[in-house]
Amino acid sequence: MLCLPEIVASHPDESAAPPRKALRDRLHQTRDRFVAASGTEASPALAAHLSDVLAELMPECLGLYWPLRSEFNAAVACLEDRNLDDLALALPFATKSPVRMHFRAWDRHTPEAKDECGIPSPQGKPAEPDVVLVPCLGFTRTGFRLGYGGGYYDRWLAEHPHVTAVGLAWACCEIDEAELGPQAHDHPLMLVVTEQGVIGG
Ligand SMILES: Nc1nc2c(c(=O)[nH]1)N(C=O)[C@@H](CNc1ccc(C(=O)N[C@@H](CCC(=O)O)C(=O)O)cc1)CN2
Ligand SMILES: Nc1ncnc2c1ncn2[C@@H]1O[C@H](COP(=O)(O)OP(=O)(O)OP(=O)(O)O)[C@@H](O)[C@H]1O
């Protein structure tokens, strides 16, 4: 597998950062507005950059996600990428108590079951992806991410340190490190792909 250069991230002082809830609320609004106005043009652009990244990374099993709200639809993008036709795909299954997530093999059909967060998830066997596409509500140029706030991906990535984590986000959701205030548990992404290109690659 060809490795792309990693984003080099450190954990600066987080004490000055504003509460994450306010940041999440703002980013949800930004993301919803962006997708309503520009999603039709931005989606194929992000999908094209993602195809390039995956052609370099050449995963053996790719973990993706079933989209929520105005997240980029990585499932559709991967199904439409003919280079991925023979690639094993997997989707997360999240539990609320305890807060955990694992990946399950995905047969490329719309899952009929849902996980404990209410997100469609397959009933396939547990899978161990070597590359994971991570949905970002917000991201920094240095590879830190803000998600829905459960800490699902941070926990999973902490337990799978050799997995290549590729963030997917709309460019308008970029934030400064000082605004995010990365915390010790925040697991940096190797790359972030947006409709404008690849950050860290
Ligand atoms: N597509 C996707 N799947 C994912 C995540 C994610 O961020 N995006 N997760 C990342 O951790 C995990 C699930 N975490 C979640 C944590 C909270 C909520 C949540 O608060 N849901 C709202 C409605 C969300 C919306 O429609 O915007 C709710 O239940 O009211 C959802 C998922 C695993 N799967
Ligand atoms: N490796 C870990 N072990 C234990 N707790 C963790 C770990 N990673 C994160 N957490 C907990 O999860 C909580 C939420 O983390 P954070 O605000 O970074 O969520 P998030 O990355 O936005 O969520 P998600 O990945 O679910 O989208 C934190 O308060 C933290 O205590």
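This is a predicted model, so every value here is computed, not measured.

In terms of regular secondary structure, the protein chain is built from four helices and 10 strands. The linear arrangement of helices and strands in the protein chain, starting from the amino end, is α-β-α-β-β-β-β-β-β-α-β-α-β-β. Once the C-alpha set of the protein chain is aligned to its principal axes, its extents read approximately 45 × 40 × 35 Å. Within the protein chain, counting contacts between residues at least 6 apart in sequence, those at least 24 apart form 74% of the total. When the accessible surface of the protein chain is totalled, it reaches about 9,900 Å², and 53% of it is carbon and sulfur. Within the protein chain, one finds 17 positive and 28 negative side-chain charges whose respective centroids are separated by 8 Å.

A separate point is the packing of aromatic side chains. With the rule as written, the count across this model stands at four aromatic pairs. Consider the rings of Phe72 and Trp170, whose centres lie 5.9 Å apart with planes at 85°: the pair is edge-to-face. You can see Phe72 sitting in the loop between strand S1 (61-63) and helix H2 (74-80) and its partner Trp170 sitting in the loop between strand S8 (164-168) and helix H4 (177-180), a full 98 residues away along the chain. Accessibility expressed as a relative area gives 4% for Phe72, which makes it buried. Relative to Trp156, the ring of Phe103 lies with its centre 4.9 Å away and its plane at 70°, an arrangement referred to as edge-to-face.

The next thing to look at is the site of ligand 1. Ligand 1 sits among 13 residues. The nearest are Trp66, Arg69, Glu71, Pro135 and Tyr148. In this structure, a nitrogen atom belonging to ligand 1 sits 2.6 Å away from a main-chain N or O atom of Trp66. Compared with its free state, where it exposes 680 Å², ligand 1 has 71% of that area covered by protein. Assessed atom by atom at 2 Å from the grid points, ligand 1 resides in the largest pocket.

So, on to the UniProt feature "binding site: substrate" (unreviewed entry) in the protein chain. Sites flagged by UniProt as "binding site: substrate" (unreviewed entry) map to Glu71. Mapped onto the elements of the fold, Glu71 is located in the loop between S1 and H2. Setting aside residues no more than four positions away along its own chain, Glu71 makes contact with Arg31, Tyr65, Trp66, Pro135, Tyr148 and Trp170. Within the structure, Glu71 has its side chain in polar contact with the backbone nitrogen of Leu68 (distance 2.9 Å).

Parameters at a glance
- Residues numbered from 1 in each chain as written.
- Chains lettered and ligands numbered in written order.
- Predicted model: local features only at pLDDT ≥ 70, side-chain atom pairs only at ≥ 80, totals over all residues.
- Heavy atoms only, no water.
- Helix = DSSP H or I, 4+ residues; strand = E, 2+ residues; numbered from the N terminus.
- Contact = heavy atoms within 4.5 Å.
- Areas by Shrake-Rupley, 256 points an atom, 1.4 Å probe, with all protein chains shown as cover.
- Lys, Arg positive; Asp, Glu negative; His and termini not counted.
- Charge placed at Lys NZ, Arg CZ, Asp CG, Glu CD.
- Phe/Tyr/Trp six-rings, centres within 6.5 Å; stacked < 30°, edge-to-face > 60°.
- Buried < 20%, exposed > 50% of the residue type's maximum accessible area, 1.4 Å probe, protein only.
- Near = heavy atom within 4 Å.
- Polar contact = N/O pair within 3.5 Å; in protein donor to acceptor, adjacent residues only side chain to side chain.
- 1 Å grid on protein atoms, 1.4 Å probe; cavity = no way out; pocket = protein on both sides within 12 Å on 5 of 7 lines; lining within 4 Å.
- Sits in = over half its atoms within 2 Å of the grid points.
- UniProt positions renumbered as here; feature names shortened; annotations may be inferred.

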